[in-house]
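Structure assessment
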Amino acid sequence: MPTDSLFQPLAQAGAHTAKTVTVTFNGEPLQVPAGSSVAAALLAAGVKRFRNSPVSGVARAPYCMMGVCFECLLEIDGEPNRQSCLVALEAGMSIRTQDGMRDLLAESHDPATALTQTMEAPHGV
Amino acid sequence: MAFDTSPQAGTSHPVDTADIAIIGAGPAGMAAAIVARRHGASVVLLDEQAAAGGQIYRGITTAPAERLDVLGADYGAGASLVAAFAACGARHITGAAVWQVTAERQVHYLNEGGVRSLRADRVLLCTGAMERPFPIPGWTLPGVLTAGAAQILLKGSGVAPTRPVVLAGCGPLLYLLGWQYVRAGVPIAAIVDTTDGADYRRAIRHAGGALAGWRYLKKGLSLMAALKQAKVPFYKGATELHVLGKEQATGLGFVSGGTLRMVDSPLVLLHQGVVPNTQFSWSLRAKHQWDEAQLCWSPVTDAWGELDVPGIFVAGDSGGIGGARVAALQGELAGLAAVTQNGKLTAAIRNNLAAPLRAEMREHLFIRPFLDALYRPKKANRIPADDTVVCRCEEVTAGDIRGYVGLGCSGPNQAKSFGRCGMGPCQGRQCGLTVTELIADKRGVSPEEIGYFRIRPPIKPITLGELAREA
């Protein structure tokens, strides 16, 4: 795990410091601590940017960790707009940062699908 | 994404019903479930988390001994309530995102990737509190979290800051987290406290209540003493808080003792109290009032927690901040009232059972006016300067909103159409209070007169495809 991580599992706080699982993060394998939410695991693995703001494109990351700020939205196993602080981590998950409407349209192979997904984003992400 | 177009989709399974549906597995929801089960009601409790406990007792069923020791005795005390709830016979649906409660007491939720609904005779909203928005320059940068968020990481995962951390703001949770970090051996770069001499002078008028609530006072003083003993750098009366950094937080700047100071840290944890989570009660169009002592909205209820929407109750911090024990007592009161309406108790028995609960609740509330006065968040940290972002989702600044008022915008709902503020994914949870107070301040009227965003379901994200598949 990277040394410049903001958070780390702490043995004094009863964390299983040795137990990790592998997920795919933006297409690359990433070792993360097991047994927590996706957001907590990524923070402890040194991930600092979870998404870009759809308005100005600046970096955002988890703020509340309890499901009210919606800053931790990620694409998890192909499904966009997941509140990653509320999703239990599972080994092998495919996780992607979420980079606003523009990128969602640009990255997709099928613009029609992307448009549908964008419209289905409940509050206009 | 394909819609399910098969005929009669989802209509084959029977309608799920319960005497009482409870939203939220914190102290209020668990206590309500226990009392309702004791009097023979069928209970379904829906909660977003994987295990009972709410935010206050989060992770209590899985926390190892070392973590229980770090978090302290008040946290550990939640274990008996969680155990009693687990044994009470209520149906506990975990991982349930409730996206609508109707006035007809239909509860709609997402669970395990499917859409479900439930019809209940009575509904109890026990959705707890959330941290008050802390709109200061730089609060949207990665590396800025709430103190509550950091405590959730500690409770749920045993995860703590790697480098010396800055804690800033005011209120019991801020000092409690500092105390827990000291116990866990986590280095603290500074506690930057916004509480000043005027706050102490204002709070001292409520000293009688504070002494009556001496247990809380004693605990607070012992936390402060422990932080002092650990030689945690502590700055008092801090003003002009601003997070440093461009792409990522690099520290906190502030003025204390007449000097501009900067403390370096890639992690800044903010806190200035908690406020009721009122999304459901607003979405039901229930009457709310502005609480000038706690600077927040709370739903108007009768003495049992029932809203002006018949058969729907609020208990715990989602009805006004009282803390964990008050929440559990309110949960019991609402549970008693609900089972009485179900016809399982007479009003006389209900009143007898309620009397000792009310007496205990009064004792726990003695301290509240003192705490509210002492840790009243500063105006500058609630109603920020023009260039500070207020709506995080749509990046609307305080100056934008003041500009809308200048153009004739009179309230939060009009502000939405001026600049989309409150229309992002969080649906105003992070900007609603700020927008109300900003407009009230600019127009020179009371927040009560300004009102709040109109909250509409779905109050949790749900796709059109999921909606179409609902039974």
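Residues numbered from 1 in each chain as written. Chains lettered and ligands numbered in written order. Predicted model: local features only at pLDDT ≥ 70, side-chain atom pairs only at ≥ 80, totals over all residues.

Right, let's get into the domain arrangement of chain B. Residue and element names in this part refer to chain B. Domain boundaries assigned for chain B yield domain 1 (16-130 + 275-345), domain 2 (133-272) and domain 3 (383-450). Domain 1 and domain 3 are separated by 30 Å when their C-alpha centres are compared. Taken together, the 6 residues of domain 1 in the interface contact 5 residues of domain 3. The class makeup of the residues in the side of domain 1 that touches domain 3 is 4 nonpolar, 2 polar and no charged. (Domains from an automatic or database assignment. Contact = placed C-beta atoms within 7 Å. Nonpolar A, V, L, I, M, F, W, Y, C, P; charged D, E, K, R; others polar.)

Next up on the list: the interface of chain A and chain B. Opposite the 43 residues of chain A that make contact, chain B presents 52 residues. Across the side of chain A that touches chain B, the residue classes tally to 24 nonpolar, 14 polar and 5 charged. Taken together, the 3 bridges between strand β1 (residues 7-9) of chain A and strand β9 (residues 159-161) of chain B define a ladder with antiparallel strand orientation. Bridge assignment links Phe7(A) to a residue of β9(B), and that residue is Pro161(B). (Pairing = 2+ DSSP bridges. Helix = DSSP H or I, 4+ residues; strand = E, 2+ residues; numbered from the N terminus.)

Residue and element names in this part refer to chain B. The strand order across the open sheet formed by 3 strands is β13-β14-β15, and the pairing between neighbours is antiparallel. Of all strands in the sheet, those with a lone pairing partner are β13 (239-244) and β15 (259-264), marking the two edges. Here the average twist between neighbouring strands, direction ignored, is 20°. Here β13 pairs with strand β14 (residues 251-256) via 4 bridges, running antiparallel. Note that in β14 the partner of Leu244 across the bridge is Gly251. (Axes fitted to C-alpha atoms, helices over the stretch in contact; angles between N-to-C directions.)

By secondary structure assignment, the location of Cys409(B) is in the loop between α14 (398-406) and α15 (412-419). Residue classification places Cys409(B) among the buried positions, given that 21 C-beta atoms sit within 10 Å. (Buried ≥ 20, exposed ≤ 12 C-beta atoms within 10 Å, placed from the backbone.)

Residue and element names in this part refer to chain B. The 5 strands are arranged β8-β16-β10-β11-β12 in an open sheet whose pairing can be described as parallel. Two strands lie at the open edges of the sheet, namely β8 (144-146) and β12 (234-235), each paired on one side alone. As defined by bridge partners, strand β11 (residues 188-193) adjoins β12 across 2 bridges and the pair is classed as parallel. Bridged to Val192 within β12 is Tyr235.

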